Amino acid sequence: MVLAELIGVFIFALSILYVYYKFVIFNFWHKRGIFYVKPVVPTGNLTDLITGKVSLGELFQNAYMKYKDHRAFGMYTLFKPNLVIADPDLIRTVLTKEFGSFHDRGMYFNEKVDPLSGHLFLMPGKKWRNLRVKLTPTFTSGKIKQMFPIMKEYSEKLAKYLKEKAQTKDSIEMKEMLARYTTDVIMSTAFGIESDCIEDPNNQYRGYQKKILEINPIWIALSMFAPKIMDFFSIPFTDRNVISFYMNMFRETVEYRQSHNIVRYDFVNLLLQLMKRNYVDPDDDKKITNVSSTVNKLTMTEATAQSYVFFVAGFETSSTTATYALYELAQHQDIQDKVRKEIDEILEKHGELSYDAVNEMTYLHKVYLYTFLLCTAETMRKYPPLPVLNRICTKEITLPTNIHVPEGTSITIPVLGLHRDPSIYPNPDKFDPERFNADKIEERHAYTYLPFGEGPRNCIGSRFGYTQTKVGLVSLLSRYIFKLHSQTPIPLIFSENSFILTAKSGVHFIIEPRK
């Protein structure tokens, strides 16, 4: 009898919850007269993501392709209304023109529960602005040049490690190899530690790195779209063992350098300057002026969080981009040969792989674009590292389409959808570097290509990541010829368990030494 009553109460409660979802929560967009995608209780429009059927980027890409003609349309991410921005002019409004109303990402951020979440990517409001000002000087071309020898050292280690594989023509999984290369680079620059993952892939550093990337789709949904649930239950996004490991590692590095007066040109050194005096040394000998005070110097915990995000963002995005570039070049040997010829010409001109040589391979201020850079740009078009951009409305606003956006409304920009839109990039699944010739770029809206985001919250480390990727690719392509192994699927399938657009399975190659 009691059991029957409990079941009855449970069914009644579920019925009330269902009605509340359907007629109150899921009435947000209908009430405002805005087109929306029909949701399902209780996941809204995230069912396919939570059940592991599609990746985050593909979920929003599919919605974009169906409903992009609405310019902006409503979705429901769990119980929260989410406005998907599909029109490039509206994207510019959100990211740049009306940045004051959309300056936060609205994702999980809780320094007390998860101290490693207290970093620039997730920080809201004034905290973000103040820290961005402090960290911007750490990513100048001069600072990247100081770190270049570290990138070069590990790119040469990687090339040397692959020599035996190239001679035997064994299958090699390059997604893993490039992750080991970028891990060594980032561990050295972000923590000042020689991780030696290229030679020893099973060491503790690579082990913790893999643990960072093991994310359940439900965790992705909660951290991106319902972080208040995690706050309510005091749930950290980062694994507690990972938090302990990186907090201790950074503190030990800092204490060792301070006690032994060690100065090394890396990101740790720049963070030490911010911890000591609240600013970093300039690239030249100019005197620092307008330093208001040192009361807001970085704490040890804050510095650790910045080092951690530099590590997480730097190793995975760069390694996946390099992997995708090799994947496409292996399918287009004619383009690979052309890229290799241009690399040879640059290296011959400079005598070696140097910062100046890599810096010459830039398309930002040139009319003529090197095929190598065209390929890199096209790779990030077809495989954007971050397949969506998130914002939250921090001050209510009415968009140019007369859509009134209340404060607290989530915003999603479907980058993968834009990059694979045939009306913007004809035959979008084709790898075509010529899309990034100067005349083609001029024809497109500037906000239809967003591999590093745009506006004041664009990727602060894009120059570092781009340089790291180029150094690795130049070192490999100057020595080896890459061909796809039969184990590698065409097309690639994307992982459902990652924020980043990464391949689900291995990406296997046969590598041959150049003749």
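Residues numbered from 1 in each chain as written. Predicted model: local features only at pLDDT ≥ 70, side-chain atom pairs only at ≥ 80, totals over all residues. Heavy atoms only, no water.

Mind showing me how you'd approach the overall build of the protein chain here?
Of regular secondary structure, the protein chain possesses 21 helices and nine strands. Taken over C-alpha atoms, the radius of gyration comes to 24 Å for the protein chain, in line with the 24 Å a tight globule of 515 residues would show. Along the three orthogonal principal directions, the C-alpha set of the protein chain runs to about 80 × 55 × 50 Å. The buried share among the 515 residues of the protein chain stands at 55%. Contacts in the protein chain between residues at least 24 apart in sequence constitute 73% of all its contacts with a sequence separation of at least 6. Counting 63 positive and 56 negative side-chain charges, the protein chain places the centres of these two groups 3 Å from one another. (Helix = DSSP H or I, 4+ residues; strand = E, 2+ residues; numbered from the N terminus. Rg over C-alpha atoms; globule rule 2.2 N^0.38 Å. Buried < 20%, exposed > 50% of the residue type's maximum accessible area, 1.4 Å probe, protein only. Contact = heavy atoms within 4.5 Å. Lys, Arg positive; Asp, Glu negative; His and termini not counted. Charge placed at Lys NZ, Arg CZ, Asp CG, Glu CD.)

Got a minute to help me understand the packing of helix H15 (residues 300–331) against helix H21 (residues 462–477) in this structure?
Between two packed helices, what matters for the description is the angle formed by their axes and the separation of those axes. Packing of H15 against H21 leaves a shortest axis separation of 9 Å and a crossing angle of 40°. The angle between H15 and H21 places the two elements in the oblique class. Two packed elements cross with a definite hand, and for H15 against H21 that hand is right-handed. On H21, the residues that touch Phe-310, Gly-314, Ser-318, Thr-321, Ala-322, Ala-325, Leu-326 and Leu-329 of H15 are Phe-464, Gly-465, Gln-468, Thr-469, Leu-473, Leu-476 and Leu-477. (Axes fitted to C-alpha atoms, helices over the stretch in contact; angles between N-to-C directions. Parallel < 35°, antiparallel > 145°, perpendicular 65-115°, else oblique. Left-handed = near helix turned anticlockwise from the far one by under 90°.)

What should I look at first to understand helix H10 (residues 204–213) in this one?
When H10 is considered as a whole, its buried residues turn out to be Tyr-205, Arg-206, Gln-209 and Ile-212. All buried residues of H10 fall inside an arc of 110° around its axis, so they share one side. The N-terminus of H10 is capped by Asn-203, whose side-chain oxygen sits 3.2 Å from the backbone nitrogen of Tyr-205. (Arc of directions from axis to C-beta. Polar contact = N/O pair within 3.5 Å; in protein donor to acceptor, adjacent residues only side chain to side chain.)

What is the right way to look at the sheet that holds strand E7 (residues 410–413) in this model?
Whenever strands of a sheet pair, they do so through backbone hydrogen bonds, lying parallel or antiparallel. The strand order E1-E2-E7-E4 describes an open sheet built from four strands, whose pairing is mixed. In this open sheet, the two strands that pair with only one neighbour each are strand E1 (72–77) and strand E4 (389–392). This sheet shows a mean twist of 30° between the axes of neighbouring strands, independent of strand direction. Pairing of E1 with strand E2 (residues 80–85), which is carried by six bridges, proceeds in the antiparallel orientation. For Phe-73, the partnering residue across the bridge sits in E2 and is Val-84. (Pairing = 2+ DSSP bridges.)

I keep staring at the pairing of E4 and nothing clicks. Help me out?
Looking along a regular strand, one sees side chains alternate from face to face of the sheet. Neither face of E4 is open: one carries Leu-389 and Arg-391, the other Asn-390 and Ile-392, and all of them are buried. Judged from the four bridges that link them, E4 and E7 form a sheet pairing that is antiparallel. By the bridge assignment for E7, Asn-390 is matched with Thr-412.

Mind showing me how you'd approach a nonpolar patch on the surface here?
The grouping of Tyr-18, Val-19, Tyr-20, Phe-23 and Val-24 at the surface amounts to a nonpolar patch, some 520 Å² of accessible area in total. Checked against the element boundaries, Phe-23 lands in helix H1 (residues 2–23). Taking relative accessible area as the criterion, Phe-23 reaches 55% and is therefore assigned exposed. (Patch = residues over 30% accessible without salt bridge, like charges linked within 9 Å, V, L, I, M, F, W, Y side chains within 5 Å. Areas by Shrake-Rupley, 256 points an atom, 1.4 Å probe, with all protein chains shown as cover. Salt bridge = Lys/Arg side-chain N within 4 Å of Asp/Glu carboxyl O.)

What exactly am I supposed to notice about the packing of aromatic side chains here?
For any two aromatic rings, the description comes down to two numbers: the centre-to-centre distance and the angle of the planes. Enumeration according to the criterion identifies 29 aromatic pairs in this entry. Seen from their ring centres, Tyr-246 and Tyr-308 are 5.3 Å apart, and the 65° between their planes marks the pair as edge-to-face. Of this pair, Tyr-246 sits in helix H13 (residues 240–260) while Tyr-308 is found in helix H15, placing the two residues 62 residues apart along the sequence. Here Tyr-246 matches Tyr-308 in class, with each residue buried. (Phe/Tyr/Trp six-rings, centres within 6.5 Å; stacked < 30°, edge-to-face > 60°.)

Explanation requested: unusual backbone geometry in the structure shown.
The phi torsion of most residues other than glycine is negative, and most of the peptide bonds are trans. Looking along the chain, the bond that leaves Val-41 and enters Pro-42 is cis, with omega of 0°. Here the bond from Ile-490 into Pro-491 is cis, since omega is 0°, no more than 30 degrees from zero. For Pro-491, the location among the structural elements is in the loop between strand E8 (480–484) and strand E9 (508–513). Residue Arg-71 is not a glycine yet carries a positive backbone phi of 70°. Topologically, Arg-71 is positioned in the loop between helix H4 (56–67) and E1.

Would you take a moment to explain the domain arrangement of the protein chain for this structure?
Taken domain by domain, the protein chain consists of domain 1 (1–33) and domain 2 (34–513). Computed over C-alpha atoms only, the centres of domain 1 and domain 2 are separated by 40 Å. With 11 residues of domain 1 in contact, the opposing surface of domain 2 contributes 18 residues. Together domain 1 and domain 2 conceal approximately 1,300 Å² of surface at their shared face, both sides included; 74% is due to carbon and sulfur atoms. (Domains from an automatic or database assignment. Buried area = accessible area lost by both parts, 1.4 Å probe.)

Whenever I open this one, the UniProt feature "binding site: heme" (unreviewed entry) in the protein chain confuses me. Can you help?
In the numbering adopted here, UniProt assigns the feature "binding site: heme" (unreviewed entry) to Cys-459. The residue Cys-459 is located in the loop between helix H20 (438–443) and H21 in this model. (UniProt positions renumbered as here; feature names shortened; annotations may be inferred.)

Quick question: what am I supposed to make of the sheet that holds E8 here?
One open sheet holds the three strands; their spatial order is E3-E9-E8, and the pairing between them is antiparallel. Looking at which strands have only one partner, the edges of the open sheet turn out to be strand E3 (171–173) and E8. Going from strand to strand, the sheet's axes swing by 45° on average, the running direction of each strand aside. Against the sheet, helix H9 (residues 174–191) contacts E3, E8 and E9, and its axis sits at roughly 50° relative to E3. Packed on one face of the sheet, H15 meets E8 and E9 and runs near 80° to E8.

What exactly am I supposed to notice about the environment of Pro-451 here?
Positionally, Pro-451 belongs in the loop between H20 and H21. With relative accessibility at 10%, the residue Pro-451 sits in the buried group. Between the C-alpha atom of Pro-451 and that of Ile-172, which follows or precedes it by 279 residues, the distance is 28 Å. The contacts of Pro-451, once residues within four sequence positions are left out, are Met-380, Pro-385 and His-419.

What is the right way to read the pairing of E2 from this model?
A large share of E2 lies buried, amounting to six of its six residues. Side-chain alternation along E2 places Lys-80, Asn-82 and Val-84 on one buried face and Pro-81, Leu-83 and Ile-85 on a second face that is also buried. The turn joining E1 and E2, which pair antiparallel and follow one another in sequence, is formed by two residues; a positive phi near 60° is taken by Leu-78. Relative to E7, E2 is paired through three bridges, and the arrangement is parallel. Paired with Asn-82 across the bridge in E7 is Ser-410.

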